[in-house]
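# Topology and contacts: notes
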Amino acid sequence: MSQSATQGAPQEGGAAPATGYRSTKVRRQRVRAAWIFLAPMLVTLVLVAGWPLLRTFYFSFTDASLSDTGRAALIGFENYLVYADGAWYGLLTDPVWWQSVWNTFYFSIVSVSLEVVFGVIVALLLNAEFKGRMLVRAAVLIPWAIPTIVSAKMWAWMLNDQFGIINHMLMALGLIDAPLAWTANADLSMWAVIMVDVWKTIPFVALLVLAGLQMLPKDCYEAAEVDGISPVKVFFRVTLPLITPTLLVAVIFRLLDALRVFDVIYVLTSNSTNTMTMSIYARQQLVEFQDVGYGSAASTMLFFIIALAVVIYLYLGRRQLGVDQ
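Described below are features of the structure shown in this document. (Residues numbered from 1 in each chain as written. Predicted model: local features only at pLDDT ≥ 70, side-chain atom pairs only at ≥ 80, totals over all residues. Heavy atoms only, no water.)

Let's shift gears to the overall build of the chain. For the chain, the helix and strand inventory stands at 13 helices and two strands. In terms of C-alpha radius of gyration, the chain reaches 28 Å, well past the compact-globule figure of 20 Å for 325 residues. On the principal axes, the C-alpha backbone points of the chain span a range of 100 × 60 × 35 Å. Classification of the 325 residues of the chain by burial places 33% in the buried group. Within the chain, counting contacts between residues at least 6 apart in sequence, those at least 24 apart form 63% of the total. Taken as a whole, the chain presents about 20,400 Å² of accessible surface, with 67% of it coming from carbon and sulfur. Computed over 21 positive and 21 negative side-chain charges, the separation of the two mean positions in the chain equals 15 Å. (Helix = DSSP H or I, 4+ residues; strand = E, 2+ residues; numbered from the N terminus. Rg over C-alpha atoms; globule rule 2.2 N^0.38 Å. Buried < 20%, exposed > 50% of the residue type's maximum accessible area, 1.4 Å probe, protein only. Contact = heavy atoms within 4.5 Å. Areas by Shrake-Rupley, 256 points an atom, 1.4 Å probe, with all protein chains shown as cover. Lys, Arg positive; Asp, Glu negative; His and termini not counted. Charge placed at Lys NZ, Arg CZ, Asp CG, Glu CD.)

Attention shifts here to the nonpolar core. Note that soluble globular proteins tend to have their nonpolar side chains buried in a common cluster. Counting 60 residues, the largest nonpolar core has Leu91, Trp97, Phe107 and Val209 as the members making the most contacts within it. Of all elements in the fold, only α3 (95–127), α6 (148–158), α7 (165–172), α8 (189–213), α10 (231–259), α11 (263–269), α12 (278–288) and α13 (292–321) reach the threshold of two or more residues within this core. If you tally residues by element for this core, the top one is α8, at twelve residues. When neighbours within four sequence positions are excluded, phenylalanine 107 is seen to be in contact with Val112, Met190, Val193, Ile194, Asp197, Ala258, Val261 and Ile265. (Core = buried A, V, L, I, M, F, W, Y, C linked by side-chain atoms within 4.5 Å.)

This next bit is on unusual backbone geometry. Here aspartate 85, not a glycine, exhibits a phi torsion of approximately 55°, which is positive. For aspartate 85, the location among the structural elements is in the loop between β1 (82–84) and β2 (87–89). Classification of aspartate 85 as exposed rests on a relative accessible area of 78%. With a phi close to 55°, glutamine 290 is a non-glycine residue in the positive phi region. Positionally, glutamine 290 belongs in the loop between α12 and α13. Since its relative accessible area comes to 40%, glutamine 290 is described here as partly exposed.

Before going further, it helps to examine the packing of aromatic side chains. Tallied over the full model, the rule gives 16 aromatic pairs. Between phenylalanine 204 and phenylalanine 253 the ring centres are 6.4 Å apart and the planes differ by 75°, which places this aromatic pair in the edge-to-face class. Of the two residues, phenylalanine 204 is situated in helix α8 and phenylalanine 253 in helix α10; the sequence distance between them amounts to 49 residues. On the accessibility criterion, phenylalanine 253 (45% relative accessible area) is partly exposed. Members of the aromatic cluster, joined through ring pairs, are Phe57, Phe303 and Phe304. (Phe/Tyr/Trp six-rings, centres within 6.5 Å; stacked < 30°, edge-to-face > 60°.)

What follows covers a nonpolar patch on the surface. Nonpolar side chains collect at one region of the surface, where Val31, Trp35, Leu38, Met41, Leu42 and Leu45 lie side by side and expose about 560 Å² of accessible area between them. The topology assignment puts leucine 38 in helix α2 (residues 16–59). (Patch = residues over 30% accessible without salt bridge, like charges linked within 9 Å, V, L, I, M, F, W, Y side chains within 5 Å. Salt bridge = Lys/Arg side-chain N within 4 Å of Asp/Glu carboxyl O.)

In structure tokens, the structure reads:
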């Protein structure tokens, strides 16, 4: 009887290969299905974004002009860096380009940092229970819903040094003695565009953080309330670590937008070197100077700088969250 029982019992580890094979087969089917569903989007992305990007790379190695791009001749890396007549020339030696790179990173770091801080505060307020909460949530989204060009033009009128309401209010409160040229003053123009960008994009960050807050478990907060832990300590010890993945998503989206910012700054300050970003610099070379080759080189550098910044941020984010490769 023991012999039959021994024969009828499954051998140790006998089911593992079958189970592993089935799981591997299911995984392969899921991966295959995912690629099938992604294929139309990838083809569209290649046609819409990939081809213009490759054309930009190509033009960056030519002397193409806006008047006739068909007669462009290959000149190698001369648009980027070239040594001629005892001096270096090209994009990498242009002080205006490096000023635009500095302006872009300064704008991105300051604006995104402020948006995250104020976005979290707004999200915490909207997550609280009070009458009219749904109405307040809808009202908070209004700045984000307004088109960027419209909001930038609106703020340009409000910040005008002659008839702007901002100067009028500050003078009425006694905070300033004379009107300030917010968008023309070299010391104020960058902060003016940062203020406008932060005002517009706080709702976006707040909405993402609010979605993360509503997914948090209630048990830990009930336990903290029973133990008498202060709300500030609960936020830094419980809430903030739990919403960190949501914050990383919000920051990466906002960082991508901030690094390629164009419209809000161009409407407020046009081609001013005090606020010129990499996108505005590339546009100036392409359109105003009609130098497609040089402008394409600037656009290519913009692409690689943004890609490098995003890769570094994602790597640091994965390290922070402890995600394995």
